Amino acid sequence: MEVSEQEDKHLQVRLTAKDEKYSVGESPFSIPSSVAFVELNSLVNDLLTGAKSDHVIVEFDFLLANELLRTTLEEALTERALSSENVLDIVYFVKHQAPESEGQIVLNDWISDVDCFGTYILSGSYNNSAYIWNRGSGQCLASVQHLASVKSVAWIRHSDSEQPLFVTGGMDEALNMWQFFPEEGVCRCLYTFTGHGRSVDCLAVDKVGQRFCSGSWDRTINVWQASSEQATDNSMENAAKRKMPSVSGDEVEALERKPLVTLKGHTEAVSAVAWVDSGSVASASWDHCIRLWDLDTASHTSTLPCSHVFNSISYSPLSRLIVSGNADRFVRLYDPRSETAVIQKQLKFHTGWVSSVEWSPVNEYLLVSGSFDKTVCQWDIRSPNAPLYSMTGHGDKVMCVCWSEPDLVVSGGSDAQLRLYKT
């Protein structure tokens, strides 16, 4: 391990491995205060090589006071207000590897939204269409149409779905449920949902695929039945069929459904919705606030304010935090359980509007963000001042990101590209 030649103050440091096979013991080491994570990585690998001749060099990350170490130890002590007189406990673990480009899919218009389900990628576009793509080949498997730009798309996940269901919302005020038949390469419109008076800009499906919620420029949130089976409450479903456009240009018929619950309270357009649990949802708006709602009572329970417009939110059942993307270039973290509504953290890197955010489905610390600055960032929330990785390649604004599958991040932009990253 190389350190500065100048005489440094030494610190007592205890290094603890999250994975026992990388342990270097429990005794503290005397380490110069000028050392940073790069030198610590060399030290740990040198110790492991000395103890095990077959050790393969591993890149580690280091946590001090629950934040990733990105400076020297001396600088970290100052930033975290820690005493140099105490033994410093540093935890290390194998560093999360950089996402790898898995290709791109080129369309002919802006991409507004994207969602993934297994090998299927669902995208919404400003050319009035939603498309289903094969992840491996990039082939378009099917498409559906609206009468105006498609602003929101979402798969309805069922473990036994041989013909997957999905929903689409658009600037034509329409909200439709479709069934995809992979072998035939066609989609059938099962239901159209009536209740919004303006563009349907955001969707979120609950984790069991029984209900979904939608947010609109009409400032309301509606909750709907997501099951493809006929509603048991006839007041929620109109037996009269409504004519819908199809890709072929012919009209097809679909049953109408009405909302189970309508939530009102926002004073500007609803830009994002997310399920917190089976009985509550969160909504974000251009009115500078996130609202939490109780579905049993159809009432607003709390507000998380901000001084800027919200573009996107995502809730993690692992960390139990809400992440937001805002118009002032920041990614913010909120705890919906907090009574004080204080922002937990701000993640700083983007230079343009943060248009879209989503948590990792399997890691409580990781999330992705997309921005008008043309970048997609992967974050560890324990490193608020810099992302783990910044992915470039988009030629214009990033409009949407998706991390619904553990090993895949997809982004879409106003450059009419879907970009795929293996994680």
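A few points about the pattern of salt bridges
1) Next: Inspection of the entire model under this criterion finds 14 salt bridges.
2) Next: A salt bridge links Asp89 to Arg14, with the shortest nitrogen-to-oxygen separation between them at 2.6 Å. Here Arg14 lies in strand β1 (residues 10–17) and Asp89 lies in strand β5 (residues 88–94), a separation of 75 residues in the sequence.
3) Next: On the basis of relative accessible area, Arg14 is assigned to the partly exposed category, the value being 27%.
4) Next: Salt-bridge contacts for Lys397 lead to Asp396; the nearest nitrogen and oxygen are separated by 3.9 Å.
5) Next: Lys397 sits in the partly exposed class, given a relative accessible area of 22%.
6) Next: What you see here is one network of salt bridges that share partners, running through Glu67, Glu79 and Arg80.

Some thoughts on helix α2 (residues 73–80)
1) Next: Taken together, the buried positions of α2 are Leu73, Ala76, Leu77 and Arg80. Considered in projection along α2, the buried side chains sweep an arc of 105° and stay on one side of the axis. Turned more than 90 degrees away from the buried face of α2 sit Thr78 and Glu79, all of them exposed.
2) Next: Structurally, α2 contributes buried residues whose contacts are with β1, β2 (29–32), α1 (37–51), β3 (60–64), β4 (67–68) and β5.
3) Next: Of the residues flanking the end of α2, it is Ala81, one or two places downstream, whose phi is positive at about 55°.

What counts and how
- Residues numbered from 1 in each chain as written.
- Predicted model: local features only at pLDDT ≥ 70, side-chain atom pairs only at ≥ 80, totals over all residues.
- Heavy atoms only, no water.
- Salt bridge = Lys/Arg side-chain N within 4 Å of Asp/Glu carboxyl O.
- Helix = DSSP H or I, 4+ residues; strand = E, 2+ residues; numbered from the N terminus.
- Buried < 20%, exposed > 50% of the residue type's maximum accessible area, 1.4 Å probe, protein only.
- Arc of directions from axis to C-beta.
- Contact = heavy atoms within 4.5 Å.

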